[in-house]
Structures are given as C-alpha cells and as structure tokens.
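Reading the structure
Here is what each chain is made of, one letter per residue.
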Amino acid sequence: MTNADVSVNPLGPSQAQPSLPVLEVSDLTKAYQVGTDLRPVLGGISLQVNRGEFVCIVGPSGAGKSTLLRCIAGLLAPSSGSILLDRQPVHEPPPKLAVVFQDYSRSLMPWMSVAKNVILPLRSKGYSKREQVNRAGEALAAVGLTEAASQYPWQLSGGMQQRVAIARALAYEPEALLMDEPFASVDAQTRSDLEDLILGVRDSFGMTVLLVTHDIDESVYLADRVVVMSGSPTRIREEITVDLPSPRDQVSTKLLPRFSELRAHVMTLIREDRVNRGT
Amino acid sequence: MAPSAAFHGRRLNRRVLMALAEVAVPVIAIALWWVLSATSTSLYFPPLSKIMTSFRNIWLFSHVGSDVVPSLENLAAGFAIATTAGIVLGMALGLLPILSDALAPAVEFLRAVPGVALLPAALLLLGIGPGMKISLIAYGTVWPILLNTIDGVRGIDPVVVEVASSYRMRRRDRLVRIILPAASPQIVAGMRTALSIGITVIIFSEMIGSTNGIGFQILSAERSFDVPGMWAGIVLLGILGYLLNLAFRGFESYVLRWHRGMRQLARG
C-alpha cells in the first residue's frame with residue numbers, strides 16, 4: 001500500500017510533511033426549529049483538517065455528527081459560524097468535495113447500471129463522453145469492481161454497492177472525501193475489507209478524508225486524528241492524534257498496546273458523556 | 001443438483017400449465033358461444049357464425065383504412081399529448097409546492113368533470129373532426145398521468161436528492177436522469193389507467209359526433225338493424241383492447257425493467 005519510508009514514520013503520512021488546512025470549520029452552530037422552539041444541535045464546533053489527513057469524528061448516536069457533515073458538505077446551512085474549503089467559504093455543495101452516504105441502497109440510482117451511476121456526476125464536469133467512460137472505468141478498477149460495471153447496483157452485495165458509491169466519489173476527483181457512517185450497514189468481515197480499501201484509496205490518491213462513525217475501534221484504526229464529539233448541544237470534547245504506525249493492519253495494528261490505550265481513552269470520553277447525560 | 005432440478009422442473013410445469021390455462025379459457029368460452037348460439041333465432045343474439053361473417057365482411061379489411069386507422073390515430077395522438085402534458089405539468093407541480101397549492105382547486109375541479117361530459121361542448125367548439133376527438137381524449141386521459149407524476153415526484157427519496165446536490169448535477173440531468181426515472185413506476189401506472197379511459201372516450205366520441213371510426217360503425221350498424229355488424233364491431237373492440245394492453249405491457253416491462261428486477265430480488 002505505502003512505501004517503506006512512510007511506514008516507519010510513527011506519526012503517519014499527515015505529520016510527515018508540513019501541511020495546510022484544506023478544511024477549516026470555525027465556531028459552527030446549528031439549531032433546528034422544533035415547533036416554536038429552537039433546539040441547538042451543534043454548539044460551536046471548530047475543526048481543521050489538513051491536506052492528506054484522515055480524520056474520524058466519533059461520538060454517541062444522535063450527537064449531531066451527520067448534521068456537522070451535512071453542513072460541511074454544503075447540504076445544510078449552519079445557524080452561525082463559517083466553513084472554509086480551500087479558503088473558499090462553503091454556501092452550497094463545493095465542487096471539490098464528494099460525499100459517501102451511509103445507506104448505499106438509497107444513494108445509488110437503481111435504474112442505472114453501475115458504470116452509469118459512476119458516470120452521472122461526471123456529466124457536469126465538461127469531460128468528453130470517452131473521458132467520462134475512462135474515468136469511471138479507472139475508479140471502478142480502483143475498488144475492484146471492473147467486472148460489475150454493466151450490472152445494476154441492486155444485483156450486488158451490500159459491500160459491493162458501497163464500493164460503487166466510493167468509486168463514484170473517486171471518479172469525481174474531490175479534494176476531500178466526506179463519509180457518513182459509510183460502513184455501518186455491512187457485515188463485520190465486509191466492514192474491515194472496506195476499511196482497508198478506503199485506507200488504500202487514501203494512500204494512492206493522496207485524498208483528505210473526513211469520516212463520521214459511532215464505532216470507536218473503527219475510528220482509531222482508520223484515523224490520523226480522532227475527534228470526539230459529545231454533549232448536548234454537541235461540542236468537540238477532545239482531539240486525539242493517533243500515533244499508530246502505517247500502514248495499518250486489521251490484526252497486528254489492533255494487537256498493539258497503543259491501539260488498546262487509544263481505544264480505551266476514546267471509550268472513556270464517550271462513557272463519561274453518557275453518564276453526564278444520564279442515558 | 002437433483003432436488004434443484006426437480007424444483008426447476010416443477011416450476012416449469014407450472015408455467016406451462018398457466019400458459020395453457022390462459023389460452024384454454026378463451027378458447028372454451030368461444031367454443032361455448034359458438035355452440036350455444038348456433039341455433040339462435042333471436043334478433044339480438046345472432047349465431048356467432050353470423051357475427052364472424054359480418055366481422056370478415058366489415059373489418060377484413062375494407063373498413064380498416066377508413067375506420068380502424070383513424071380511431072387508433074386519434075387515440076395515439078390524444079394519449080401522446082396527455083402523456084407529455086401530464087408528465088411535464090406533473091413534474092412542475094410536484095417540484096414547486098407554490099404552483100401546486102395555487103392550482104390544486106382548479107385541478108380537482110377539472111378532474112371531476114368526466115371527459116365524455118364535455119362532448120357536447122367540444123362538438124360546438126371544435127366540430128366533428130379529429131381535432132375534437134384528440135382534444136377530448138387528451139383531456140380525459142391527462143388526469144391519472146398528471147396526479148401520478150406529482151405523487152411520484154413528491155415521493156422521491158431525500159437521499160437521492162442529497163446525492164444530486166452534493167455532486168452539483170445540472171438541472172437537466174436531475175430532471176431527466178433522476179427525478180423522471182425515480183417517478184417512472186407511478187407515471188407508467190397512471191398511463192395504464194389513462195389508456196383504458198382513452199379507449200372509452202374515443203369510442204364514445206365517435207358514436208356521438210363522427211362520420212367514421214369504430215364507434216361510428218358500431219352505432220350505425222345498430223341503427224340500420226344490422227345486429228351481427230354491431231356485435232362484430234364490439235368483438236373488434238375487444239381484440240383491439242387486448243392487443244393495446246399487450247403492447248402496453250411490453251412497453252412497461254421495458255421501461256421498468258430495473259424496477260421489476262429489484263422487486264423480484266427483494267421478494268427472494
């Protein structure tokens with residue numbers, strides 16, 4: 001996956017070179033109107049993600065993680081605060097951003113073949129027909145789905161469908177990839193395969209990834225940095241740099257004492273929050 | 001392997017049996033009609049043999065060009081106008097709640113007026129030419145298509161809409177490649193209802209205000225006491241209706257092949 005130089009660097013690729021923030025979220029709040037009340041969901045989130053960095057946002061269910069992701073994606077307007085992507089304020093979905101949604105069966109178009117699903121977002125990019133097809137083919141090859149190109153998405157397994165959604169995002173060539181609980185709806189074995197797939201994709205495409213999950217193990221395994229969100233309204237509780245060696249490995253990485261320490265630390269933070277909230 | 005083959009064999013047998021039943025029932029019914037009516041002396045229920053003779057004389061093929069083709073042409077034109085207008089308007093009303101709120105009472109009022117009830121007015125305004133019939137068919141058939149399109153567009157999964165926005169898809173792509181296919185199962189169901197309404201309207205309009213067409217032929221046969229000729233026209237309508245439905249089923253299974261496949265898979 002990565003070359004030897006990177007793998008001996010204990011801090012992982014993002015800390016290996018000086019890097020600039022791709023994404024800057026400053027003092028972001030979001031409140032939903034419930035009847036006549038305003039119910040605050042996000043209470044002042046500030047967050048930076050550097051170029052090439054893999055950041056996981058972890059927090060209990062219902063903590064507004066998806067809300068934060070949708071604000072960053074330009075799908076939801078924040079109540080206050082600012083979001084800068086590549087120094088440009090985000091007011092609508094930015095062209096250099098791709099989102100992978102949790103529910104693959106709903107995010108892929110069932111009336112289109114796999115290849116057409118991947119091509120669909122490329123149509124507005126001004127590529128020639130041939131180039132659209134080539135790019136889609138490359139993206140499908142990157143997730144190992146060349147064979148499935150002419151099938152309908154619903155003819156594939158859940159894991160394969162989510163790989164189609166990832167290929168669609170890759171073909172779009174985003175600066176940053178936002179993933180909303182992308183592996184929450186697949187079985188455990190598929191899940192670890194997809195985790196390794198996305199790590200490989202990050203390395204080979206040099207992509208910045210911001211992934212939301214409620215799975216503590218997953219966040220520690222994948223991330224260069226874990227952002228723990230908690231409270232109501234939600235704030236950032238702590239940011240933890242994951243100093244595990246790269247490349248990660250499902251067996252040996254998870255056997256490292258450091259992995260257990262980090263995992264325990266994140267779990268403690270989330271537990272405390274649950275105790276405080278009395279749930 | 002063996003049990004699966006046996007299972008497969010049983011399923012195949014079932015399908016053959018069902019296909020046979022589908023053919024057998026009409027064959028038996030026609031045979032019964034033929035036998036039971038053979039000695040009929042009733043003026044109103046002539047023997048089937050007489051009806052068939054009349055059918056051959058009128059419909060094979062002297063009146064095809066003068067009556068069947070115009071009927072089908074008018075039906076096709078009216079149906080095409082209704083489909084286009086129903087889908088375009090339905091998408092607009094489905095996507096723009098302000099527009100649909102503003103037009104809802106008008107739509108409900110107009111839809112409550114049956115197409116055939118407007119025939120006298122249409123005769124006054126448009127005469128007895130094909131324009132009148134096409135307009136009446138278009139009016140009579142547009143409602144189920146319009147209402148189903150609105151329903152289909154409103155029922156679109158919000159995740160699909162988010163995908164379209166996050167990938168900054170062009171308006172045209174959204175309309176043609178996402179919203180239209182997503183609503184297509186409902187649209188096609190509306191078209192199916194519309195087609196049977198269309199057949200009713202064309203026949204009725206030809207009976208009341210026309211100088212040709214299948215409906216005109218049926219009514220003028222009845223008025224000149226040519227009862228077998230009247231029945232022959234009714235038989236022709238049955239056959240045409242069956243064939244139109246068959247053609248529509250072919251269209252449906254092509255357009256909605258993804259939908260059918262998905263549902264079959266979900267059922268397991």
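So, a few notes on the structure that sits alongside this text. (Residues numbered from 1 in each chain as written. Chains lettered and ligands numbered in written order. Predicted model: local features only at pLDDT ≥ 70, side-chain atom pairs only at ≥ 80, totals over all residues. Heavy atoms only, no water.)

1. Focus on the overall build of chain A
A count of helical and extended segments in chain A gives 10 helices and 10 strands. Relative to the 2.2 N^0.38 estimate, which gives 19 Å for 279 residues, the radius of gyration of chain A is 19 Å and therefore close to what a compact globule would have. For chain A, the spread of C-alpha atoms along the three principal axes comes to 55 × 50 × 35 Å. Buried residues in chain A amount to 52% of all 279 residues. (Helix = DSSP H or I, 4+ residues; strand = E, 2+ residues; numbered from the N terminus. Rg over C-alpha atoms; globule rule 2.2 N^0.38 Å. Buried < 20%, exposed > 50% of the residue type's maximum accessible area, 1.4 Å probe, protein only.)

2. Comments concerning the interface of chain B and chain A
Residue-level contacts link 22 residues of chain B with 27 residues of chain A. Taken together, the two surfaces of chain B and chain A that pack against each other cover about 2,400 Å², and 64% of this comes from carbon and sulfur. Its largest share of buried area at the contact with chain A, chain B owes to Y167, R168 and W258 of chain B, together 30% of the area lost on that side. Seen at the junction of chain B and chain A, the total is 8 residue pairs in polar contact (both at pLDDT 80 or more). Secondary structure elements with two or more residues in the side of chain B that touches chain A: α7 (158–166), α8 (171–208) and α11 (257–267) of chain B. (Contact = heavy atoms within 4.5 Å. Buried area = accessible area lost by both parts, 1.4 Å probe. Polar contact = N/O pair within 3.5 Å; in protein donor to acceptor, adjacent residues only side chain to side chain.)

3. Remarks on the sheet that holds strand β6 (residues 97–100) of chain A
Residues and elements named next belong to chain A. A sheet is described by the order of its strands in space; here 6 strands give the open sequence β6-β7-β8-β3-β9-β10, paired in mixed fashion. The two strands at the open ends of the sheet, each matched to only one other strand, are β6 and β10 (235–241). The sheet shows a mean angle of 20 degrees between the axes of neighbouring strands, taken without regard to direction. Relative to strand β8 (residues 208–213), strand β7 (residues 176–180) is paired through 5 bridges, and the arrangement is parallel. Residue D180 lies in a different strand from β8, and its bridge partner there is V212. With respect to the sheet, helix α2 (residues 65–72) is in contact with β3 (54–58), β6, β7, β8 and β9 (225–230), its orientation differing from that of β7 by roughly 150 degrees. Along the sheet face, helix α7 (residues 188–205) touches β3, β7 and β8 and points at about 140 degrees away from the line of β3. (Pairing = 2+ DSSP bridges. Axes fitted to C-alpha atoms, helices over the stretch in contact; angles between N-to-C directions.)

4. With respect to the layout of surface pockets
In this structure, the largest pocket occupies an estimated 530 Å³ of space. Considering the residues around the largest pocket, the lining is formed by 19 residues, among which W111 of chain A together with V176, P181, V255 and W258 of chain B are closest to the centre. Breaking the lining of the largest pocket down by element, the ones donating at least two residues are α8, α10 (227–255) and α11 of chain B. No other element matches α8 of chain B, which puts 8 residues into the lining of the largest pocket. Of the residues in the lining of the largest pocket, the class split is 14 nonpolar, 2 polar and 3 charged. For the second largest pocket, the calculated volume is near 400 Å³. Breaking the lining of the second largest pocket down by element, the ones donating at least two residues are α1 (2–37), α2 (48–59) and α10 of chain B. Residue composition of the lining of the second largest pocket, grouped by class: 10 nonpolar, 1 polar and 1 charged. (1 Å grid on protein atoms, 1.4 Å probe; cavity = no way out; pocket = protein on both sides within 12 Å on 5 of 7 lines; lining within 4 Å. Points joined across faces, edges and corners; volume = space filled by probe spheres on them. Nonpolar A, V, L, I, M, F, W, Y, C, P; charged D, E, K, R; others polar.)

5. As for unusual backbone geometry
Residues and elements named next belong to chain A. Look at the link from S232 to P233: it is a cis peptide, with omega at 0 degrees. Position of P233 relative to the elements: it lies in the loop between β9 and β10. Omega for the bond connecting S246 with P247 falls within 30 degrees of zero, at -5 degrees, which places this linkage in the cis form. You can see P247 is positioned in the loop between β10 and α9 (252–255). The backbone of D86 shows a phi angle near 55 degrees, a positive value even though the residue is not glycine. Following the sequence through the fold, D86 ends up in the loop between β4 (80–85) and β5 (88–89). Phi at E181 takes a positive value of approximately 45 degrees, unusual for a residue other than glycine. With respect to the helices and strands, E181 occurs in the loop between β7 and α7. Residue E181 is classed as buried on the basis of its relative accessible area of 10%.

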